[in-house]
Amino acid sequence: MTHRPLAAALWMIGAIAAFTAMAIATRQINGVHDTFEILAYRSMIGWVLVVALAAVFRKLSDVRTDRLPSHVVRNVFHFTGQSLWFWAITMIPLAQVFALEFTSPIWVILLSPIFLGERLTRRKLAAAALGFAGVLIVARPDFGRIEPGVLAAAAAAFFFASTTLMTKLLTRGEPILSILFWLTLMQAVFGTVAMTVFGTVTLPTLATLPWLVLIGIAGITAHFSLTTALSLAPASTVVPVDFARLPIIAVVGAVFYNETVEATLFLGAALIFAGIWITLRGGASRPQAPHVTKP
């Protein structure tokens, strides 16, 4: 199996940049389009981009149907996680949502030995603990009360982790183009059904269309970068790098939206990057070839 942790980390940096751009664009159209509309339009635009690029580079033959059930399961997990995450944002403080979302790498590290055959080492556990501690310091959530929004955010983290594990399984033999094709197509179908059933559909306007296009491009870029990273290194090595997204988004909020940046951000960021460094140092060791049955 391919094992290039540093290259995977660089691809994860690209994913973080794309997710950040998507968050900014989403903030710009907040209040005009609801969650399901944004998810639907993003995936429609993404699907058009995937098909167009595949046609230009003559890669449409990479789209396969022999593992379609795995794609369905992956995208059900992904859509469910996204829906729960957006709903949690309307129910509890953002700090709590972010802190709970970043428990996802913990689930990946704990479940990857079971479903991916990866080794669970002390180094990986230490990296995950440092990263999560950094997230808690930055976000400072209040877990004194258990509310439906808290349970939704925690469940979203589990579904995001499940999506990551399914993506890693699919990268073993499935072309990345095929993964992106089915991702965007299925998410577009799920989003369209949801926005039609659960509310009044608001069509894109001249003001929101550029932001929706940016969301679509950023979404494809993020998932391409993440999927490529997972094809280059174990999931338990790749995913902790995503911890860096929290301090980066905090800085973006301070620069673009005048949100307060406190000293605890730098302490939390230091722990996060320490966890990433430990992960990458451990990833340089010889990988163990897992024995996993292709789904």
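Reading the values: the criteria
Each chain has its residues counted from 1, running along the sequence as written. Given that this is a predicted model, residues contribute local features only at a pLDDT of at least 70 and side-chain atom pairs are listed and counted only at 80 or more, while totals for whole chains, interfaces and linings are drawn from all residues. The side-chain numbers reported here are obtained from all heavy atoms of the structure, hydrogens and water having been left aside. Numbered from the N terminus, helices here are DSSP runs of H or I no shorter than four residues, and strands are runs of E no shorter than two. Residue contacts follow a heavy-atom distance rule, with two residues in contact if any of their heavy atoms lie within 4.5 Å. In short, Shrake-Rupley with a 1.4 Å probe defines the accessible areas, and a residue's cover is counted only from the protein chains shown. Residues forming no salt bridge and having over 30% relative accessible area are the ones grouped into patches, like charges within 9 Å of each other and nonpolar side chains (Val, Leu, Ile, Met, Phe, Trp, Tyr) within 5 Å. What makes a salt bridge here is a side-chain nitrogen of Lys or Arg within 4 Å of a carboxyl oxygen of Asp or Glu, nothing more. Note on aromatic contacts: the rings of Phe and Tyr and the six-membered ring of Trp form a pair at centre separations within 6.5 Å, being stacked when their planes are under 30 degrees apart, edge-to-face when over 60 apart, and tilted otherwise. Any residue under 20% of the maximum accessible area for its type is buried, any over 50% is exposed, and the rest in between are partly exposed; the area is computed with a 1.4 Å probe on protein chains only. Every axis corresponds to a line fitted to the C-alpha atoms, with the helix fit spanning only the stretch in contact, and the corresponding angles, defined between N-to-C directions, vary from 0 to 180 degrees. Angular relationships are summarised with four words: roughly parallel below 35 degrees, roughly antiparallel beyond 145, roughly perpendicular across 65 to 115, and oblique for the angles in between. Helix crossings get a hand from a simple test, with the near helix turned counterclockwise from the far one by less than a right angle marking a left-handed crossing and a clockwise turn marking a right-handed one. For this classification, the nonpolar set comprises Ala, Val, Leu, Ile, Met, Phe, Trp, Tyr, Cys and Pro, the charged set comprises Asp, Glu, Lys and Arg, and every other residue, Gly included, is treated as polar. The criterion is simple. A nonpolar core is a set of buried Ala, Val, Leu, Ile, Met, Phe, Trp, Tyr and Cys residues joined through side-chain atoms within 4.5 Å. To estimate the expected span of a helix, count its residues, drop one, and scale the result by 1.5 Å. Known as pLDDT, the predictor's confidence for each residue is given on a scale from 0 to 100.

As a further point, take the overall build of the protein. Across its full length, the protein holds 12 helices and zero strands. N-terminal to C-terminal, the α/β element order of the protein is α-α-α-α-α-α-α-α-α-α-α-α. In the protein, once contacts between residues fewer than 6 apart in sequence are set aside, the share between residues at least 24 apart is 91%. Just so you have it, the protein exposes about 14,000 Å², and 70% of that area is on carbon and sulfur atoms.

Looking now at a nonpolar patch on the surface. Taken together, the side chains of Val189, Val193, Val197 and Phe198 define a hydrophobic patch exposed on the protein surface, amounting to about 420 Å² of accessible area. Following the sequence through the fold, phenylalanine 198 ends up in the loop between helix H8 (176-197) and helix H9 (209-232).

Turning our eyes to something else, we now look at the packing of aromatic side chains. Under the criterion given, the structure shown has nine aromatic pairs. Relative to phenylalanine 224, the ring of tryptophan 11 has its centre 5.5 Å away and its plane inclined at 75 degrees; by these criteria the two rings are edge-to-face. Placement of tryptophan 11 in helix H1 (residues 5-28) and of phenylalanine 224 in helix H9 is noted, with a sequence separation of 213 residues between them. Taking the relative accessible area as the measure of exposure, phenylalanine 224 reaches 34% and is therefore partly exposed. Where phenylalanine 158 meets phenylalanine 159, the ring centres are 5.9 Å apart and the plane angle is 75 degrees; that geometry is what we call edge-to-face. On the accessibility criterion, phenylalanine 158 (32% relative accessible area) is partly exposed.

Time to look at the packing of H8 against H9. At their nearest, the axes of H8 and H9 sit 10 Å apart, and the two run at 140 degrees to each other. On the basis of the axis angle, H8 is oblique to H9. The chirality of how H8 crosses H9 is right-handed. Contacts from Ile176, Ile179, Leu180, Leu183 and Thr184 in H8 reach Ile220, His223, Phe224, Thr227, Thr228 and Ser231 in H9. Its residues assigned to classes, the contact of H8 with H9 shows six nonpolar, five polar and no charged.

What follows is about the packing of helix H3 (residues 68-89) against H8. Axis separation between H3 and H8 bottoms out at 9 Å; the angle between their running directions is 50 degrees. Relative to H8, the element H3 lies oblique. For the element pair H3 and H8, the recorded crossing hand is right-handed. The residues of H8 that touch H3, namely those facing Leu68, His71, Val72, Arg74, Asn75, Val76, His78, Phe79 and Gln82, are Ser178, Ile179, Trp182, Leu183, Met186, Gln187, Phe190, Gly191 and Ala194. Partitioning the contact of H3 with H8 into residue classes produces 10 nonpolar, seven polar and one charged.

This brings us to the nonpolar core. Ranked by internal contacts, the top residues of the largest apolar core, which has 45 residues, are Trp85, Val135 and Val238. For this core, the element with the highest residue contribution is helix H7 (residues 148-170), accounting for nine residues. Once residues within four sequence positions are removed from consideration, tryptophan 85 is found in contact with Val97, Phe98, Glu101, Ala156 and Phe160. Formed by 10 residues, the second largest nonpolar core is a distinct cluster that contains Ala25, Met195, Leu212 and Ile215.

The subject of this paragraph is H7. With 23 residues, H7 should reach 33 Å at 1.5 Å per residue; the first-to-last C-alpha distance of 33 Å fits that figure. Among the 23 residues that make up H7, 17 are buried, leaving the element largely enclosed by the rest of the structure.

Let's shift gears to the confidence of the model for the protein. Detail in the predicted coordinates should be disregarded across regions flagged by low pLDDT. Per-residue confidence for the protein gives a mean pLDDT of 82, with 89% of residues at or over 70. Considering each helix and strand of the protein separately, the mean pLDDT is smallest for helix H4 (residues 94-101), with a value of 70, and largest for H8, with 93. Segment residues 286-295 is flagged for pLDDT under 50; beyond a separation of four residues in sequence, or across chains, it makes 17 contacts in the model.

Let us now look at the environment of glycine 275. Structurally, glycine 275 can be placed in helix H12 (residues 263-283). Residue class for glycine 275 comes out buried when judged on its relative accessible area of 2%. Placed 143 residues apart in sequence, glycine 275 and phenylalanine 132 show a C-alpha to C-alpha distance of 8.8 Å. Setting aside residues up to four positions removed in sequence, glycine 275 forms contacts with Ala127 and Leu130.

Once their charged atoms are close, side chains differing in charge can pair, the charge on each being opposite to the other. Counted by the stated rule, this structure contains two salt bridges. With a shortest N-O distance of 3.8 Å, arginine 64 and glutamate 174 are connected by a salt bridge. Separated by 110 residues along the polypeptide, arginine 64 in the loop between helix H2 (35-56) and H3 and glutamate 174 in the loop between H7 and H8 bring together distant segments of the chain. Classification of arginine 64 by relative accessible area gives partly exposed; the value is 24%. Here the salt bridges share partners, and the residues they tie into one network are Arg64, Asp66 and Glu174.

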